[in-house]
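# Working through the structure, step by step
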Amino acid sequence: MPQLSRRAFTSALPLGLLGGSLFGGRMIGGASAFAATQDTANAPVSVTPLAQIRIGRFTVTALTDGYADMPYGYFPGRTAAEVEQAAVAQFTARPSGVRFLFNQYLVEDGERRILIDAGAAGSIGQTGQLPQALAALGLQRDQIDAVIVTHMHQDHMGGLILGGKNNYPKAELYIDRRDVTHWTDPAKRSGAPDYLQTSFKMAEEVVRLYPKLQAIDGEREIVQGVSIVDLTGHTPGHIGVRVEDDGQSLIMVSDMIFPVVHPGATDVFFLFEQDPAAAKAMRDRFFSRAASEGALIAATHMPFPGLGRVVADRGQMRWQVADWALQN
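Right, let's walk through the structure included here. (Residues numbered from 1 in each chain as written. Predicted model: local features only at pLDDT ≥ 70, side-chain atom pairs only at ≥ 80, totals over all residues. Heavy atoms only, no water.)

### Quick word on the overall build of the protein chain
The secondary structure content of the protein chain amounts to eight helices and 19 strands. Split into buried and exposed, the 328 residues of the protein chain put 49% on the buried side. Restricting to contacts in the protein chain with at least 6 residues of sequence separation, those with at least 24 account for 73%. (Helix = DSSP H or I, 4+ residues; strand = E, 2+ residues; numbered from the N terminus. Buried < 20%, exposed > 50% of the residue type's maximum accessible area, 1.4 Å probe, protein only. Contact = heavy atoms within 4.5 Å.)

### Focus on the nonpolar core
Ranked by internal contacts, the top residues of the largest apolar core, which has 49 residues, are Phe 75, Val 147, Leu 160, Tyr 168, Leu 173, Val 206 and Tyr 210. Broken down by secondary-structure element, the contributors of at least two residues to this core are β5 (58-70), α2 (80-89), β7 (97-108), α3 (130-136), β11 (172-176), α5 (177-183) and α7 (197-209). Looking at which element gives the most residues to this core, the answer is α7, with five residues. Apart from residues lying up to four places away in sequence, Tyr 168 is in contact with Leu 115, Ala 118, Leu 130, Leu 134, Arg 141, Ile 144, Val 147, Gly 159, Leu 160 and Tyr 210. Among the nonpolar cores identified, the runner-up in size contains 29 residues, and Ile 116, Ile 216, Ile 222 and Val 223 belong to it. (Core = buried A, V, L, I, M, F, W, Y, C linked by side-chain atoms within 4.5 Å.)

### Things to note about empty space enclosed by the protein
Tallied over the full model, the rule gives one cavity of 30 Å³ or more. Empty space within the largest cavity amounts to approximately 30 Å³. Lining of the largest cavity is provided by Leu 231, Thr 232, Gly 233, His 234, His 238, Asp 255, Met 256, Glu 273, Ala 279, Met 282 and Arg 283. Residues belonging to the lining of the largest cavity are distributed by class as follows: four nonpolar, four polar and three charged. (1 Å grid on protein atoms, 1.4 Å probe; cavity = no way out; pocket = protein on both sides within 12 Å on 5 of 7 lines; lining within 4 Å. Points joined across faces, edges and corners; volume = space filled by probe spheres on them. Nonpolar A, V, L, I, M, F, W, Y, C, P; charged D, E, K, R; others polar.)

### Observations regarding the packing of aromatic side chains
One pass over the full model with this rule turns up ten aromatic pairs. Judged by centre distance (5.2 Å) and plane angle (35°), the ring pair of Phe 100 and Phe 270 falls under tilted. In this pair, Phe 100 sits in strand β7 while Phe 270 sits in the loop between β16 (248-254) and α8 (276-293), placing the two residues 170 residues apart along the sequence. A residue is classified by how much of its surface remains accessible, and Phe 270, at 7% relative accessible area, is buried. Ring-pair connections join several aromatic residues into one group, and the members of that group are Tyr 74, Phe 75, Phe 100, Tyr 195, Phe 258, Phe 270 and Phe 272. (Phe/Tyr/Trp six-rings, centres within 6.5 Å; stacked < 30°, edge-to-face > 60°.)

### Side note on the sheet that holds strand β19 (residues 316-321)
Sheet strands line up and pair through hydrogen bonds in the backbone, either parallel or antiparallel. Reading across the sheet, the seven strands line up as β13-β14-β15-β16-β17-β18-β19 and stay open at both edges, with mixed pairing between neighbours. Edge positions in the open sheet fall to β13 (221-223) and β19, since each of these has one partner strand only. Across the sheet, the mean angle separating the axes of adjacent strands is 35° when strand polarity is ignored. Taken together, the three bridges between β16 and strand β17 (residues 297-299) define a ladder with parallel strand orientation. Note that in β17 the partner of Ser 254 across the bridge is Ala 299. Taken strand by strand, α8 contacts β14 (226-230), β16, β17, β18 (307-313) and β19, and its axis lies near 90° from that of β18. (Pairing = 2+ DSSP bridges. Axes fitted to C-alpha atoms, helices over the stretch in contact; angles between N-to-C directions.)

### A closer look at α7
Between the first and last C-alpha of α7 there are 19 Å, a value that for 13 residues agrees with the 18 Å anticipated at 1.5 Å per step. Buried within α7 are the following residues: Ser 199, Phe 200, Met 202, Ala 203, Val 206 and Leu 209. Residues of α7 that are buried make contact with α4 (154-157), β11, α5, α6 (186-190) and β12 (213-216). (Expected span 1.5 Å × (residues − 1).)

### Here we look at the pattern of salt bridges
Counting across every chain of the model gives 17 salt bridges. The closest approach of N and O atoms between Asp 267 and Arg 78, which form a salt bridge, is 3.1 Å. Taken together, the positions of Asp 267 in the loop between β16 and α8 and Arg 78 in the loop between β5 and α2 put the pair 189 residues apart, joining distant regions of the chain. The class of Arg 78 is partly exposed, set by a relative accessible area of 32%. For Glu 108, the salt bridge identified is with Arg 113, shortest N-O distance 3.1 Å. Among the ionic contacts, a cluster of salt bridges with common partners joins Asp 176, Arg 178 and Asp 230. (Salt bridge = Lys/Arg side-chain N within 4 Å of Asp/Glu carboxyl O.)

### Description of the pairing of β14
Counting buried residues in β14 gives four out of five residues, a clear majority hidden from the surface. As judged from the two bridges shared by β13 and β14, these two strands associate in the antiparallel manner. Bridging across to β14, Glu 221 finds its partner in Ser 227. Counting the residues that bridge the hairpin from β13 to β14 gives two residues, and of these Gly 225 lies at a positive phi of roughly 95°. Note that β14 and strand β15 (residues 239-245) share five bridges and pair antiparallel. Looking across to β15, one finds that Val 226 is bridged to Val 243.

### So, the layout of surface pockets
Here the largest pocket defines a volume of roughly 420 Å³. As for the largest pocket, its lining consists of 21 residues, of which Gln 90, Pro 259, Val 260, His 262 and Trp 319 are closest to the centre. Among the elements of the structure, β7 and β19 are those that each provide at least two residues to the lining of the largest pocket. Of all the elements, β19 adds the most residues to the lining of the largest pocket, at five residues. Residue composition of the lining of the largest pocket, grouped by class: twelve nonpolar, six polar and three charged.

Limitation: the analysis is restricted to geometry and does not speak to function.
Dropping the structure here:
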């Protein structure tokens, strides 16, 4: 795995942008102000969470498409009761399971905008918020120059083809060739369980709708400072993305890390995992190296903004949330 720096960012902007002015851009006084406050308290607040960090010349913005709660029985290697017990111990238990965020990352250098993954787009849980998140930055999807898909599960590519159309018409699309081959193979599809059929269907649509798709082989640089990292196991062509400049680095590891169960145990999997043995071997290698190097990590399904580190604590690996905000 490529060398990763210990200090991975220098500055950040505050988390959380409200989707509009609280008082509609005017002053409110007296009873009117009280009434407005009461209305605000009683109504759900629409928030588009954004978090930005600097990696050398790059601005990396964490976005989210939404969330879904995954049943406690979706984690082979542990019983549902054991996973729920771990979630309770971490104060993250929910009645319907483990909360999965769907985080995406926008990488900008002043010349190009590269989006890492495109979200589930309503195909799972409470998702479909990525366009709103981009709009909060003043961006439309046709302003994205490239999209890197870390693997071809529906929650990473659904936004590409929402509505049966090419939603990123000006973007070059990068996907590992092994995943493209796997997810467009009729024989693989016919033998796959029902819960993977949506991913197979979406993969065919992605290939059909994106003539600029580049099926990439192995580790390579997309642009200077943005490169592919091979993390095969979760799927045949599961990849990460490293952003590196001026001695700083960040590695987006996609589905290498799942909340509650990782990184504490590498023999716990997720239902959608294609090759558990390969996934375990990759996590065994990656977690130990990431801990020794203090690598800053971005993870798709960890609590927003998904930034943290794997640390070794008295012989046990654990997730340490990165103290990312207001850094100098």
